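Examining the three-dimensional arrangement
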Amino acid sequence: STLENIRNFCIIAHIDHGKSTLADRLLDATHAVAERDRMDQILDTMDIERERGITIKAQAVRVLYPREDGEYNLNLIDTPGHVDFAYEVSRAIAACEGALLVVDASQGIQAQTLANLYLAMEHDLEIIPILNKIDLPMADVPAATEELVELLGVDPDDIIKISAKTGQGVPEVLDAIVDRVPHPETTEEETRGLVFDSYYDPYRGVVSLVRLVDGELKKGDEVKAMRADERFELLEVGCYSPKPTALPSLRAGEVGYVIAGLKDIEALRVGDTVTRVAQPAEKALPGYAQALPTVFSGLYPTEGDDFERLRDALSKLQLNDASLFFEPENSKMGFGFRCGFLGLLHMEIVQERLEREFDLDLIASSPSARYEVVMEDEVRIVTNPSDLPEAYLEIREPVVRATLIGPKEYVGQVMSLCHERRGVQVGMEYISSRRVQLTYDLPLAEIITDFFDALKSRTKGYASFDYDFKGYEVSDLVKVEVIVSGDIVDALSIIVHRDKAYYRGRALVEKLKELIPRQQFEVPIQAAMGKRVIARETVRAYRKDVIAKCYGGDITRKRKLLEKQKAGKRRMKQVGSVEIPQEAFLAALKL
Ligand code: GTP
């Protein structure tokens, strides 16, 4: 294919507005998938994605689209919609010339619609606005059109109205991709390919997704990762159509994968530039800004001797997920790793992937934001509440600028929620006659808890929200420690605003009382600020041995009980003399 016949595009949207469904329809329309290979949502390859129905990793698929004026080579890069994965979106965007902006016609523009749109505009992508789900009875095409016209300044006729479910309008989308998205251009002779994703395949080694910007890459080429300054030979190049398909070469403008069969999984990192050793490029392509983790937690194997396996698993996962941060940590829970995540969903998914893909049983300690603690002679970074020093000059906490969008009748609800969460209002504007966009500065610690759930429940699910890191601000914060059976359990400690310390300490202890199972002895649970105990509850002991009670009785009942205990054990950790379940470490998030 020539450059003129290539189109590289992505689909961006708010969560659940129908990206994956549209992607599937585009593949159907181009007969990319044999009938027997069909499965719902082909692009979501990971099990977790299928189960949760969300897209986590960006994927790149090539389809051929024959038209009267020629055969086009369309490279579709699917992107995730959840706020935690915005960094994946920006990577995908850097590999494209155009973006389909999908908006659910029954929902209108939402917070991530805007966030993703702004990313695409920063990269000068051609935006094709699409209203999806027009088959729904609740679809309000005129209202959603009004919002898009207002936002993009486009002609209403340029907005394509579709149903990704029924396929209505999908042919127009294909034509718009060919007619409106510019074809890629190349300026250099020397080969340069941008690595925009990378993963570890147990059979094939490291597989990297590459957008060839200049030149050509062939099987057998000796290549170099320009930033890492590492050399290796290409064992295979190819594209996904949608299955991995080997090709003789990848050329300028194309998107595909390269396999370098690296043993060293560090070598070909996302954001690096691949060039040929024989005729190397002079300058690497601009990479990506490193995504900064915002939520930190300790990950501990429930079995102490799995520490090295966990280290290995984290390194492999990091290749696929550059935003994941980890370093060894030692606490009352034993040996584990302090990990940094982009948000709570990211944290949950990492834990789940580690357990499933690497067969580990893990416990995550109570999540924390990252704080700057100003001391006499240094600024100390604290990501673990138990590391908060007793004396300091001041503490600064991360603050985000949040965008909240919802129907105007819920504005009061949204404002009072933000106020309770220590928010400061920055702006308010109407995006259409019925919907309002609010801008707030909020402490990150207040939104990594149950903010999103609270917002959804107070606005009947109608409000959406997105945020960007703003900076650090001085705040009056204190540490609340939890003492279980006389031992401080560092993994349960939290950092909170002084005004909320009593309330949160009390609520936390009450919650822990429900979550910590009865043991053979009485377990007192206390919350303390410094030396002062601010709340106390007790988990009472078992009266009798549970198993003994079943002897001589129904055997299946006994087995069930044992199985229940075994299943319950998976996410439990012995801390001192007490077994603490995973939910207890997450209790502070849901007070
Ligand atoms: P994430 O990958 O999680 O960001 O979601 P997504 O944007 O890919 O959304 P997805 O394609 O998974 O669609 C979300 C839901 O909307 C699914 O239940 C789809 O079946 C449904 N859906 C998508 N398009 C349409 C449509 O045109 N009409 C109707 N009625 N439902 C649709």
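Nothing here was measured: the structure is a model prediction, and the numbers come from that model.

Scanning the model with the defined rule gives ten aromatic pairs in all. Taken together, a centroid distance of 5.1 Å and an interplanar angle of 50° make the contact between Y240 and Y257 tilted. With a gap of 17 residues between them, Y240 in strand β12 (residues 236-240) and Y257 in strand β15 (residues 255-259) connect regions that are remote in the sequence. When the centroid spacing of 5.7 Å and the interplanar angle of 40° are considered together, the rings of F465 and Y467 count as tilted. For F465, a relative accessible area of 4% corresponds to the buried category.

Another aspect to go through is the sheet that holds strand β17 (residues 295-301). With respect to topology, four strands assemble into an open sheet ordered β18-β19-β17-β20, the strand pairing being antiparallel. Whereas interior strands pair on both sides, the edge strands pair on one side only; in this sheet they are β18 (325-331) and β20 (362-364). Each strand axis lies, on average, 30° off the axis of its neighbour in the sheet, ignoring direction. For β17 and strand β19 (residues 334-341), the ladder comprises five bridges, and the chain directions are antiparallel. Note on β19: the bridge partner recorded for G298 is R338.

Enumeration over the complete set of coordinates arrives at 36 salt bridges. Notably, a salt bridge pairs R498 with D476, separated by 3.1 Å at the nearest N-O pair. One end of the pair, R498, is in the loop between β29 (494-497) and α12 (501-515); the other, D476, is in the loop between β26 (464-475) and β27 (477-484), with 22 residues separating them in the sequence. Residues joined by salt bridges that share partners form a network here, namely R67, D69, D175 and D179.

As paired elements, strand β32 (residues 572-575) and strand β33 (residues 578-581) share four bridges and run antiparallel to each other. Of the residues in β33, the one forming a bridge with Q574 is E579. In sequence, β32 turns back onto β33 through a hairpin of two residues, with G576 there showing a positive phi of about 60°.

Feature annotation in UniProt assigns "binding site: GTP" (unreviewed entry) to the following positions: D16, H17, G18, K19, S20, T21, N132, K133, I134 and D135. Mapping K19 onto the fold places it in helix α1 (residues 19-29). In this structure K19 comes out as buried when scored by relative accessible area, which is 6%. Mapping D135 onto the fold places it in the loop between β5 (126-132) and α5 (141-152).

In this structure, D124 is a non-glycine residue whose phi angle is positive, near 55°. Of note, D124 is situated in the loop between α4 (111-122) and β5. For K133, which is not glycine, the phi dihedral falls at a positive 65°. Following the sequence through the fold, K133 ends up in the loop between β5 and α5. Exposure remark for K133: the relative accessible area of 22% places this residue in the partly exposed category.

A separate point is the sheet that holds strand β13 (residues 244-247). Sheet architecture is open: eight strands sit in the order β11-β10-β16-β7-β8-β15-β12-β13, paired in antiparallel fashion. The sheet terminates laterally at β11 (230-233) and β13, the two strands that pair on one side only. Shown here is a sheet whose adjacent strand axes are inclined to one another by a mean of 40°, direction ignored. By the bridge criterion, four bridges tie β12 to β13 in an arrangement that is antiparallel. Across the sheet, C239 pairs through a bridge with T245, a residue of β13. Helix α7 (residues 307-320) rests against β7 (192-201) and β8 (205-214) of the sheet, and its axis sits at about 145° to β7.

Take R338: it is sitting in strand β19. A distance of 2.6 Å separates the side chain of R338 from the side chain of E329, its partner in a polar contact.

Here we come to the environment of V195. Residue placement: V195 occurs in strand β7. Through-space distance from the C-alpha of V195 to that of Y300 is 32 Å; in sequence the pair is 105 residues apart. Not counting the four nearest positions on each side in its chain, V195 is found in contact with S208, L209, V210, L268, R269, V270, G271, D272, V274 and Y288.

Rules of the game
Along every chain, residues carry numbers that run from 1 in the direction the sequence is written. Confidence filtering applies because this is a predicted model: local features only for residues at pLDDT of at least 70, side-chain atom pairs given and counted only at 80 or more, and all residues used for totals across whole chains, interfaces and linings. Derived side-chain values reflect all non-hydrogen atoms in the structure, with water molecules and hydrogen atoms excluded from consideration. Working definition: a ring pair exists when centres of Phe, Tyr or Trp rings (six-membered ring for Trp) sit within 6.5 Å. Plane angles under 30 degrees give stacked, over 60 give edge-to-face, the rest tilted. The numbering of helices and of strands both runs from the N terminus, where a helix is a DSSP run of H or I of at least 4 residues and a strand a run of E of at least 2. Each residue is assigned to one of three classes by its accessible area relative to the maximum for its type, calculated with a 1.4 Å probe on protein chains only: buried under 20%, partly exposed between the two thresholds, exposed over 50%. Two strands qualify as a pair provided DSSP detects at least 2 bridges between them. Working convention: axes come from line fits to C-alpha atoms, limited for helices to the stretch in contact. Angles between N-to-C directions cover 0 to 180 degrees. Here a salt bridge means any side-chain nitrogen of Lys or Arg lying within 4 Å of a carboxyl oxygen belonging to Asp or Glu. UniProt positions are given in the numbering used here, feature names are shortened, and annotations may be inferred rather than shown by experiment. When checking whether two residues touch, look at their non-hydrogen atoms; a contact exists if any pair is within 4.5 Å. In protein, a polar contact means a hydrogen-donor-capable atom and an acceptor-capable atom, both N or O and within 3.5 Å, with residues adjacent in sequence counting only if both atoms are side-chain atoms; elsewhere, any N or O pair within 3.5 Å suffices.

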